[in-house]
Amino acid sequence: MACLPKSPRRLHAWATRAAAVALGLTLAVAARAAQALEMAFEPVAPGVYAYVGDTEGRTYDNEALNANLGLVVTPQGALLIDSGATRKTAQRIEQAARRVTPQPIRWVINTGGQDHRWLGNGYFRAQGAEIMAHANARADMLARGHEHLRALAPVLKDKLDGTEPVLPTRWLSEPDTRLDLGGVAVHVIHRGGGHTPGDSMVWLPQAGVVFTGDVVYVDRVLGMHAVSRSRPWLTTFEALEALQPRVVVPGHGRVTTLAQAQRDTGDLLRALRAHMGRAVTDGVDLATAVRTFDTASFRHLKHAEVWLPQLANRTYLEMEHE
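Residues numbered from 1 in each chain as written. Predicted model: local features only at pLDDT ≥ 70, side-chain atom pairs only at ≥ 80, totals over all residues. Heavy atoms only, no water.

A.B. asks: Just checking my understanding: could you explain the overall build of the protein for this structure?
C.D. replies: The helix and strand tally for the protein stands at 9 helices and 12 strands. For the protein, buried positions account for 57% of its 322 residues. In the protein, the proportion of contacts linking residues at least 24 apart, taken out of those at least 6 apart, comes to 70%. If you sum the accessible surface of the protein, you get close to 13,600 Å²; carbon and sulfur atoms cover 51% of it. (Helix = DSSP H or I, 4+ residues; strand = E, 2+ residues; numbered from the N terminus. Buried < 20%, exposed > 50% of the residue type's maximum accessible area, 1.4 Å probe, protein only. Contact = heavy atoms within 4.5 Å. Areas by Shrake-Rupley, 256 points an atom, 1.4 Å probe, with all protein chains shown as cover.)

A.B. asks: Looking at this model, I keep getting lost on the packing of aromatic side chains. Mind explaining?
C.D. replies: The full count for this structure, using the stated rule, is 2 aromatic pairs. Judged by centre distance (5.4 Å) and plane angle (85°), the ring pair of Y123 and F124 falls under edge-to-face. Across the pair, F124 and Y123 agree in class, each one buried. Ring geometry for Y217 versus W233: centroids 6.4 Å apart, planes at 45°, classification tilted. Within this pair, whereas Y217 is found in the loop between β11 (209-211) and α6 (230-243), its partner W233 is found in helix α6, the two being separated by 16 residues in sequence. Residue classification places Y217 among the buried residues on the basis of a relative accessible area of 2%. If you follow K159 out to its NZ or CZ, it ends over the ring of Y60, 4.0 Å from the centre. (Phe/Tyr/Trp six-rings, centres within 6.5 Å; stacked < 30°, edge-to-face > 60°. Lys NZ or Arg CZ within 6 Å of the ring centre and 35° of its normal.)

A.B. asks: So what exactly am I meant to see when it comes to the environment of A304 here?
C.D. replies: When you line up the elements, A304 lands in helix α9 (residues 304-320). Along the chain, A304 and G223 lie 81 residues apart, while their C-alpha atoms are 9.9 Å from each other. Apart from residues lying up to four places away in sequence, A304 is in contact with V221, F298, R299 and P309.

A.B. asks: Would you mind showing me how to read the environment of G182 here?
C.D. replies: Assignment of secondary structure puts G182 in the loop between β8 (176-181) and β9 (184-189). Look at G182 and you get buried, because its relative accessible area is 7%. It is 9.4 Å that separates the C-alpha atoms of G182 and R106, two residues lying 76 residues apart in sequence. Apart from the residues within four sequence positions on either side, G182 is in contact with T74, P75, Q76 and W107.

A.B. asks: Any chance you could explain the nonpolar core here in plain terms?
C.D. replies: Nonpolar side chains in soluble globular proteins tend to end up buried together. Ranked by internal contacts, the top residues of the largest apolar core, which has 38 residues, are L222, L268 and L311. A total of 8 residues in this core trace back to one element, the largest contributor, which is α9. Among residues more than four places away in sequence, those in contact with L311 are V221, L222, G223, M224, L268 and L272. Counting residues in hydrophobic clusters, the runner-up holds 23 residues, among them V48, L79, W107 and V209. (Core = buried A, V, L, I, M, F, W, Y, C linked by side-chain atoms within 4.5 Å.)

A.B. asks: Please clarify how the pairing of strand β3 (residues 69-74) should be interpreted in this entry.
C.D. replies: Each regular strand carries side chains that alternate between the two faces of the sheet. Buried residues dominate β3, accounting for 5 of its 6 residues. Sheet topology note: the strand β2 (residues 48-51)/β3 ladder contains 4 bridges and is antiparallel. Its bridge partner lying in β3, Y51 is registered against L69. Both β3 and strand β4 (residues 77-81) contribute to a ladder of 5 bridges, which runs antiparallel. Residue pairing in the sheet places V72 in a bridge with L79 of β4. Between β3 and β4, which pair antiparallel in sequence order, lie 2 residues. (Pairing = 2+ DSSP bridges.)

A.B. asks: Could you clarify how one ought to interpret the packing of α6 against helix α7 (residues 258-282) in this entry?
C.D. replies: A pair of packed helices is characterised by two quantities: the angle between their axes and the separation of those axes. Two elements in contact, α6 and α7, have axes whose closest approach is 10 Å; the angle formed by their N-to-C orientations is 150°. Between α6 and α7, the angle falls in the class roughly antiparallel. Here α6 and α7 pass one another in a crossing that is left-handed. On α7, the residues touching S230, R231, W233, L234, F237, E238, L240 and E241 of α6 are L258, A261, Q262, T265, G266, L269, R270 and R273. (Axes fitted to C-alpha atoms, helices over the stretch in contact; angles between N-to-C directions. Parallel < 35°, antiparallel > 145°, perpendicular 65-115°, else oblique. Left-handed = near helix turned anticlockwise from the far one by under 90°.)

Right, here's the structure in full:
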């Protein structure tokens, strides 16, 4: 690891430059490894399907859909979990859903405020779908919607045409919202966010399946951004553990188990907060705290070499203000 500057002002500048370099490296790797988007929902339980997205960065070929989606088929219509990053991709999502069921998509739940969770909303609203998200996502969506579009424009080019930030039509306000959608019990669980302020999980108790959105990453290291907060993220993860799901559909990575989610996400969040919390309490400077964070248990995760120092840096700065 490169030596870190010691003054607070230089540390902030270093963190900003490093984040830009990390994003550039991720996009460069993605551009080399990119594959054309193949949109298909695969069964994970009776009537429950998942699309598993690319674990690389956003590219023209993957249409910025480097994330997982969900589809739940009911006798009265289908529920889509997350709407994709563009209007055109949303149309492809609908076509993929049609290959699974003739039922129209009547409901959409956005699990957070990241671009590929909600920028396809406009297409589904035009089809008459009810679109839901937790109310804590609203300010984030309003603040960052056009920022997402500006960032995606040079990557997606013509594939971004027609995409506008369209907010959900229904805001959920409770920590636990129980819905009956076409006779299927759907619980939306929110504990204050995490990766984004609106991060929520969709729990299907009858199937034992949970769609975690960006609460869980497996196979690749989780990401933290300016809006991310590790404290509520860990609280949300603890709510996941309390569910004891049979199947976990993470926000990124393969469909998996709770044990794998704990190894790849929960353990990392806990390790970051424990180490950085001690460092802040003991007056250890940021550079030393980042350098001494033990990454051995997490080096198997894709992009770990780029993101682990950033996660350590952001968690320290967050805990300084708690």
